[in-house]
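So the chains spell out like this:
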Amino acid sequence: EERERLVLNYAILNGALELLPDTLASMAIIPLQMKMVYRIGRSYGFELDQAHVKEFLATAGVGLASQYVEQVGVKLVGRMLGRGLLGAVLRGAAGQSVSSGFSFATTYALGRLAIRYYGGGRNFSADVLQDTYQSLLREAKGVQDQHWPAIQERARTVNVSQLLQEIRK
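Residues numbered from 1 in each chain as written. Predicted model: local features only at pLDDT ≥ 70, side-chain atom pairs only at ≥ 80, totals over all residues. Heavy atoms only, no water.

**Digging into the nonpolar core**
Link 1 in the chain: Counting 45 residues, the largest nonpolar core has Leu17 and Phe56 as its most contacted members.
Link 2 in the chain: Counting residues per element, the ones that place at least two in this core are helix 1 (2-17), helix 3 (29-43), helix 4 (50-60), helix 6 (84-119), helix 7 (126-143), helix 8 (148-157) and helix 9 (160-168).
Link 3 in the chain: If one sorts the elements of this core by residue count, helix 6 sits on top with ten residues.
Link 4 in the chain: In this structure Leu17 touches Ala25, Ala28, Ile29, Leu32, Val158 and Leu163, once residues within four positions along its chain are discounted. (Core = buried A, V, L, I, M, F, W, Y, C linked by side-chain atoms within 4.5 Å. Buried < 20%, exposed > 50% of the residue type's maximum accessible area, 1.4 Å probe, protein only. Helix = DSSP H or I, 4+ residues; strand = E, 2+ residues; numbered from the N terminus. Contact = heavy atoms within 4.5 Å.)

In structure tokens, the structure reads:
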């Protein structure tokens, strides 16, 4: 299905952005998630504005709180890998991997949630929206490994400046 491919493409792109050394790339993730939700809602005939999309993300639990949880995960991995030059190299690679997996999973789950929500006529309560997102997030974490090669390939080909211009549209 076209919407499923759209979600997977955004999830792979957001996972790839976390592998790039440019911190601007990480700042593009939430705007890209918003754009994905907007496109999905529109494909079901809903005219959405930025405020609605932000509310949808916040209600689902996506945003600053989830980014904080991600940073905690990166720090935990870093502590487990120890100190020294080898530890620093491993921490950097592991941190990027954790961030990449987290960005893939949150984007994938959010996109799948948007398909269910807008496809169902926007009839979910906040509790159902949050519970469904958490369930989809667990599912997304289970499929992220199979898409790891695509994430790495996308990281090699992404043009960050072009991407940032595209987000502004």
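Text resumes after the structure shown.
**Re the packing of aromatic side chains**
Link 1 in the chain: Taken as a whole and judged by the stated rule, the model has six aromatic pairs.
Link 2 in the chain: Measuring from ring centre to ring centre gives 5.6 Å for Phe104 and Tyr108, while their planes differ by 15°; the resulting arrangement is stacked. Note that Phe104 and Tyr108 are positioned in helix 6 at a spacing of four residues, about one turn of the helix.
Link 3 in the chain: In this structure Phe104 comes out as buried when scored by relative accessible area, which is 0%.
Link 4 in the chain: Given a relative accessible area of 12%, Tyr108 falls into the buried group. (Phe/Tyr/Trp six-rings, centres within 6.5 Å; stacked < 30°, edge-to-face > 60°.)

**Considering the pattern of salt bridges**
Link 1 in the chain: Applying the stated criterion across every chain yields a total of five salt bridges.
Link 2 in the chain: Between Glu1 and Arg3 there is a salt bridge, with the nearest N and O atoms lying 3.2 Å from each other.
Link 3 in the chain: In this structure, Arg42 and Glu47 form a salt bridge, with 3.6 Å as the shortest nitrogen-oxygen distance.
Link 4 in the chain: Judged by relative accessible area, Arg42 falls into the partly exposed class, the value being 45%. (Salt bridge = Lys/Arg side-chain N within 4 Å of Asp/Glu carboxyl O.)

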